[in-house]
Amino acid sequence: MFRLNLAGVRDQPGKPVIFNFREQLAPVEGPDEIVAFIGPVEAEVNVTYMEGQYWFNGSVRGRVELMCARCLEPFEYPFQVTLAEKYGRGWCQDDAETAPMEGEPVDITDTVVQNIIVSLPMKALCHSECRGLCRAGRC
Ligand SMILES: [Zn+2]
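Below or above, wherever it landed, is the structure these notes cover.

About the criteria used
Residues numbered from 1 in each chain as written. Predicted model: local features only at pLDDT ≥ 70, side-chain atom pairs only at ≥ 80, totals over all residues. Helix = DSSP H or I, 4+ residues; strand = E, 2+ residues; numbered from the N terminus. Buried ≥ 20, exposed ≤ 12 C-beta atoms within 10 Å, placed from the backbone. Contact = placed C-beta atoms within 7 Å. Arc of directions from axis to C-beta. Core = buried A, V, L, I, M, F, W, Y, C linked by C-beta atoms within 7 Å. Pairing = 2+ DSSP bridges.

With that out of the way, let us pick up the overall build of the protein. In terms of regular secondary structure, the protein is built from two helices and seven strands. Each helix and strand of the protein, ordered N terminal to C terminal, gives the series β-α-β-β-β-β-β-β-α. The buried share among the 139 residues of the protein stands at 18%. Of the contacts formed within the protein by residues at least 6 apart in sequence, a portion of 62% connects residues at least 24 apart.

Those residues of helix 2 (residues 109-119) that fall on the buried side of the exposure criterion are Val112, Val113 and Ile116. Take helix 2 and look down its axis: the buried residues cluster within an arc of 95°, on one side only. Among the exposed residues of helix 2, those pointing more than 90 degrees away from its buried face are Asp110 and Val118. Looking at the packing, one finds that the buried side of helix 2 touches strand 3 (28-29), strand 4 (34-50), strand 5 (53-67) and strand 6 (74-87).

Following the sequence through the fold, Asn57 ends up in strand 5. Setting aside chain neighbours within four positions, we find Asn57 in contact with Asn46, Leu83 and Ala84.

Time to look at the nonpolar core. Grouped together as the largest cluster of nonpolar side chains are 16 residues, with contacts concentrated most on Leu6, Val9, Ala43, Val47, Tyr54, Val60 and Val112. Among the secondary structure elements, those contributing two or more residues to this core are strand 4, strand 5 and helix 2. If you tally residues by element for this core, the top one is strand 4, at five residues. With near-sequence residues (within four places) excluded, Val60 lies in contact with Val41, Ala43, Val81, Leu83, Val112, Asn115 and Ile116.

Okay, the pairing of strand 6 next. Sheet topology places strand 5 next to strand 6; 14 bridges connect them, and they run antiparallel. Across the sheet, the residue bridging to Glu65 is Glu76, located in strand 6. Here strand 5 hands over to strand 6 after six residues, with Leu72 in that stretch at a positive phi of 65°.

This is how it looks when you write it as structure tokens:
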């Protein structure tokens, strides 16, 4: 889980605070299939508190297992995505006047996973020259 404690960020307005993560994530639902992560997902996220909002900037990388659209073999697909999110007081459920997330670690796992999923190719190929189901002997 990608969880950040933002108390220290809010104490230093305008100053980015860096969070580093290395997490093993559960398989997620991708564009065509369930996508499993190979090894941990690494993320570096900068969070800056400015004018009542938290600005998240970061990069996330790791590897997933995809199935080749041509030969139907599973293969490793490395991904790298950037995060650029902004959160304001809307995050606080109970009282809009209270500064959000006080003392509470914030879980951005869903945001990270969504960014990874949209970066995955719809028709993934194990290799740009993949010739498909050659084992049938017709190519
Ligand atoms: Zn292939």
